[in-house]
Amino acid sequence: MTARVDIREDWALIGHDWAIRALARSVATERAAHAYLFTGPHAIGKTMLARKLAQALQCTSEARPCGQCLTCQKIARDRHPDVQIVEGVPVGYKFDEKSPPAPPRANDWERRILKIDQVRALQHDVSRAPFEGRWKIVILRRFEEANEEAANAFLKTLEEPPRHTRLILTARDASLLLPTIASRCQVFALRPLAPAHIETALIDKWRADPESARLLARLSAGRLGWAVRAHENRALLDARNQYLDELNGALAEGRAERLVRAEGLAKKNDDLPELLETWLGWWRDVVLVQNGDGSRITNVDREDALRDHANRFSLEQAQSTLQAVRATARYLTQNVNARLALEVLLLNLPGK
Ligand SMILES: [Zn+2]
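Residues numbered from 1 in each chain as written. Predicted model: local features only at pLDDT ≥ 70, side-chain atom pairs only at ≥ 80, totals over all residues. Heavy atoms only, no water.

Caption draft 1: Spotlight on the layout of surface pockets. Taken as a whole, the second largest pocket spans an internal volume of roughly 540 Å³. Around the second largest pocket, the lining comprises 24 residues; the ones closest to its centre are I85, F95, P101, A102 and Q118. Looking at the lining of the second largest pocket, the elements with two or more residues in it are strand 2 (83-86) and helix 4 (116-126). No other element matches the 5 residues that helix 4 contributes to the lining of the second largest pocket. Of the residues belonging to the lining of the second largest pocket, the class tally is 12 nonpolar, 5 polar and 7 charged. (1 Å grid on protein atoms, 1.4 Å probe; cavity = no way out; pocket = protein on both sides within 12 Å on 5 of 7 lines; lining within 4 Å. Points joined across faces, edges and corners; volume = space filled by probe spheres on them. Helix = DSSP H or I, 4+ residues; strand = E, 2+ residues; numbered from the N terminus. Nonpolar A, V, L, I, M, F, W, Y, C, P; charged D, E, K, R; others polar.)

In structure tokens:
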């Protein structure tokens, strides 16, 4: 027989209430799934939720997770010996137990690989009894970065996990994982928060001024983590402004200048996914304005420029540019020549 434990439904998180309720119920019966998968875009709150779930599982207070006890605090700071976070290492990095830890990710888009040696190390770790907690918990971030070898090795642990183990995977999308992995997890697809929800949270909890809260909430596309980071680190917004300036620059140029610009942009490989994401948001807004749907635009601080583009270009031009940007973003994930892809894109942007 399994005892019920008291799991709170208030996890001191913003948003994802439905997921928290379901997780609380799942943990309360102590027959919790042995593996969970949280999916959703970058910075939507997957790892935050994973840490909270780890707290709910390990917390030593009556009503879990309390957020106050030593266990909860250690987990919040990633210092608990029985809760480890594993994520991919930079391409070319040699994983070895004695090698220095991989540097923190330079940005959301940096490509990394989760390697079989990392999976073996965690398998060795979970084979031992918990050191001080109830469970051995492993949070595997961005599992889509696991290469095939690593994913297959990990599958064995998912199929026959040691009894004291709980596994929490995060990924952008379940379809990016082997079906045999996703099907062995209880899946929670996290959804973007409403802009108004993020705006209020930024003002109330992070003391953002209302104007900047409104802009960041819109630009975040429902990702609270992104909004908070952009609030705390001006560089994210500066980068976005620079990407839009690049676009405007290209629109004013002729063929030869665009080729030079494409060459320059291709050198900033790590920035390209975000640059294209920003351009995508821009053309989506242009189409919205053209369709008389201007109240839903994202780039609220550049409304005049949006209206100018909406007038200057036809709906057909805006839509085909939107598709071209989307296609380029897809090509770049398939290792095509970045310079070539950007040349084609820039040459196909509408003209002066
Ligand atoms: Zn606690």
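Caption draft 2: How the structure looks around the coordination of the zinc ion. Within the protein, the atoms that donate to the zinc ion are C59 (SG), C66 (SG), C69 (SG) and C72 (SG), at distances of 2.3 Å. Each of the 4 donor atoms around the zinc ion contributes to a set of angles spanning 104 to 119°, which defines the coordination as tetrahedral. In the primary sequence, the donor residues of the zinc ion line up as C-x6-C-x2-C-x2-C. Accessibility assignment for this pair places C66 and C69 in one class, buried. (Donors = N, O, S within 2.8 Å, 3.2 Å for Na, K, Ca; no water. Tetrahedral: all angles 85-135°; square planar, octahedral: opposite > 155°, others 65-115°. Buried < 20%, exposed > 50% of the residue type's maximum accessible area, 1.4 Å probe, protein only.)

Caption draft 3: A look at helix 2 (residues 46-58). Given a rise of 1.5 Å per residue, 13 residues ought to cover 18 Å, and the 18 Å separating the end C-alpha atoms of helix 2 matches this to within 8%. Counted residue by residue, helix 2 has 12 buried out of 13 residues, so it is predominantly covered. Those residues of helix 2 that fall on the buried side of the exposure criterion are K46, T47, L49, A50, R51, K52, L53, A54, Q55, A56, L57 and Q58. (Expected span 1.5 Å × (residues − 1).)

Caption draft 4: Representation of the pairing of strand 5 (residues 136-140) in the model. Strand 5 sits mainly inside the fold: 5 of its 5 residues count as buried. What you see with strand 5 is no split at all: K136, V138 and L140 on one side and I137 and I139 on the other are buried throughout. Where strand 2 lies against strand 5, 4 bridges are found, and the strand directions are parallel. Bridge pairing in strand 5 places V83 opposite I137. Relative to strand 6 (residues 165-171), strand 5 runs parallel, the two sharing 5 bridges. Across the sheet, residue K136 finds its bridge partner in strand 6, namely T165. Remark: the strand 5/helix 5 (residues 148-159)/strand 6 crossover connection has right-handed handedness. (Pairing = 2+ DSSP bridges. Right-handed = clockwise from strand over helix to strand, strands pointing away.)

Caption draft 5: Structural view of empty space enclosed by the protein. Evaluated as defined, the whole model comprises 1 cavity of 30 Å³ or more. Estimates place the volume of the largest cavity at around 30 Å³. As for the largest cavity, its lining consists of Q242, Y243, E246, L265, K268, D271, L272 and L275. Counting only elements with at least two residues in the lining of the largest cavity, the list comes to helix 10 (234-251) and helix 12 (272-290). Here the lining of the largest cavity gets 3 residues from one element, more than from any other, and that element is helix 10. The class makeup of the residues in the lining of the largest cavity is 4 nonpolar, 1 polar and 3 charged.

Caption draft 6: Representation of the sheet that holds strand 5 in the model. Taken in spatial order, the 5 strands of this open sheet run 2-5-6-1-7, and their pairing is parallel. Looking at the sheet topology across the chains shown, the edges are occupied by strand 2 and strand 7 (186-189). The average angle at which neighbouring strand axes cross in this sheet is 15°, direction not considered. As judged from the 4 bridges shared by strand 1 (residues 35-39) and strand 7, these two strands associate in the parallel manner. Among the inter-strand pairings, L37 is bridged to a residue of strand 7, identified as V187. (Axes fitted to C-alpha atoms, helices over the stretch in contact; angles between N-to-C directions.)

Caption draft 7: Structural view of helix 13 (residues 303-312). Along helix 13, the residues classified as buried are L306, H309 and A310. Angular distribution of buried residues about the axis of helix 13 spans 100°; they occupy a single face of the element. The outward face of helix 13, more than 90 degrees from its buried face, is lined by the exposed residues D304 and N311. Those residues of helix 13 that are buried are in contact with helix 10 and helix 12. (Arc of directions from axis to C-beta. Contact = heavy atoms within 4.5 Å.)

Caption draft 8: Just the domain arrangement of the chain, in detail. Looking at the chain, the domain boundaries give domain 1 (17-189) and domain 2 (233-348). The C-alpha centroid of domain 2 is placed 35 Å from the C-alpha centroid of domain 1. The interface of domain 1 with domain 2 comprises 4 residues on the first partner and 8 residues on the second. Of all residues in domain 1, N107, W109 and R111 give up the largest surface area on contact with domain 2, accounting jointly for 89% of the area buried on that side. Scanning the region where domain 1 abuts domain 2 turns up 0 salt bridges. Taken together, domain 1 and domain 2 are joined by 1 residue pair in polar contact (both at pLDDT 80 or more). Grouping the amino acids of the side of domain 1 that touches domain 2 by side-chain chemistry returns 1 nonpolar, 1 polar and 2 charged. (Domains from an automatic or database assignment. Buried area = accessible area lost by both parts, 1.4 Å probe. Salt bridge = Lys/Arg side-chain N within 4 Å of Asp/Glu carboxyl O. Polar contact = N/O pair within 3.5 Å; in protein donor to acceptor, adjacent residues only side chain to side chain.)

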